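Architecture and fold: a report
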Amino acid sequence: MEPVIQIKNVTKEFKVLNRREGIKGSLLDLFSRDYRIVRAVDDITMDVEQGEIVGYLGPNGAGKSTTIKMMTGVLEPTNGQIIVNGVVPYKNRAKNAKEIGVVFGQRSQLWWALPLIESLKLLKDIYQIPDAQYDEMLSFYAGIADMEELLHKPVRQMSLGQRTLSDILAAFLHNPKIVFLDEPTIGLDVSMKAKIRELILSLNEKKHTTVILTTHDMGDVDALCRRIVIIDHGKMLYDNDIDHLKSFFGSYRTLKLRISGDVQEKEKEIHAMLKDMETSVSEGWLSVLVDEEKTSVVKVLNTLQQSVKIRDMQIEEISTEDVIRKIYEGDMK
């Protein structure tokens, strides 16, 4: 069985005008031929199997959105080949659109003034969804979300979390083979994030839908993704599972401490004392990221005990968030 997405040596370049400052510069730019070539995506190759949830990660400006726009058919690659659901997306945009769903940022596909049920009915007609399939999806949705509260509520009256939930339901309504989710939990509270993640997992399991997820929330990655693809400056840095990813930084441990006194003030002193080690404060815990190839956790603990009173402590493996951040910073071994 062929992968549902095949990307082979794909590059995307943009021609960008070198702009000048001021009003005079703006006028001169109207007739300027001074362009530079920006390579947003640089020789990326990957296959995605049906039913996978893939975290497509990278810092801002890494090329994530450009890659997704090529997969959805909005952009044509400069070089290389993309095949999605057996078709070339930019050559068969209408056919490709029938087999994909999208939730991009805060750009809702729902009609602002209409109740959700009316938007779903319109989407049913647009995608020509059979009555039986439409009723089955609504019944399935009712089992995993509080649909009665949402169905008859105008989108403009919904909270951000409810709109995001509704957008995800709409994206899966026509039973697409692939759904692209761009920052689905951004700006949501902890409870709504959990609901969104549960919904995505349920839809993936029930419908075997392939999900391409872009996010900066590592909670989404840990909860949803078994596979991670990381790009930066258009180049692919990593394509494997989370456990393998953490092996790159297997010598790192996070020492978490509860200490007496003002933890924020103490953190500044400790950071100065430990020099190159990373420190942070969250929910009253002081965290120190220790590379045991350079120094042991016990040695760090002994050093800290000389200047602070420790009330409680924990030692944790390096988190996915810390691993991803270190890769962004170029620390990958």
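Everything below is about the structure shown above.
Heads up: these notes are all about the structure in this document.

What counts, and where the lines are drawn
Residues numbered from 1 in each chain as written. Predicted model: local features only at pLDDT ≥ 70, side-chain atom pairs only at ≥ 80, totals over all residues. Heavy atoms only, no water. Pairing = 2+ DSSP bridges. Helix = DSSP H or I, 4+ residues; strand = E, 2+ residues; numbered from the N terminus. Axes fitted to C-alpha atoms, helices over the stretch in contact; angles between N-to-C directions. Contact = heavy atoms within 4.5 Å. Buried < 20%, exposed > 50% of the residue type's maximum accessible area, 1.4 Å probe, protein only. Polar contact = N/O pair within 3.5 Å; in protein donor to acceptor, adjacent residues only side chain to side chain. Expected span 1.5 Å × (residues − 1).

With that settled, consider the sheet that holds strand E13 (residues 310-317). Read from one edge of the open sheet, 4 strands run E11-E12-E10-E13, paired in antiparallel fashion. Bordering the open sheet on either side are strand E11 (278-282) and E13, each of which pairs with just one other strand. Averaged over all adjacent pairs, the angle separating strand axes in this sheet is 25°, with direction ignored. Judged from the 5 bridges that link them, E11 and strand E12 (residues 285-291) form a sheet pairing that is antiparallel. Note that in E12 the partner of Glu278 across the bridge is Leu289. Seen against the sheet, helix H11 (residues 263-274) touches strand E10 (252-259), E11 and E12 and runs at an angle of roughly 170° to E11. Strand contacts of helix H12 (residues 297-305): E10, E12 and E13, with the helix running at about 25° to E10, the strand carrying the most contacts.

Turning our attention to the environment of Asp42. For Asp42, the position within the fold is in strand E2 (residues 35-48). Taking the relative accessible area as the measure of exposure, Asp42 reaches 14% and is therefore buried. As a C-alpha pair, Asp42 and Asn9 span 33 residues in sequence and 8.0 Å in three-dimensional space. What Asp42 contacts, discounting residues up to four positions off in sequence, is Val10, Thr11, Gly234 and Lys235. At 3.3 Å, the side chain of Asp42 and the side chain of Arg39 are in polar contact.

A word on helix H7 (residues 160-172). Helix length check: H7 (13 residues) gives 19 Å between terminal C-alpha atoms against 18 Å at 1.5 Å per residue, within 8%. Along H7, 11 of the 13 residues are buried, which leaves the element largely enclosed by surrounding structure.

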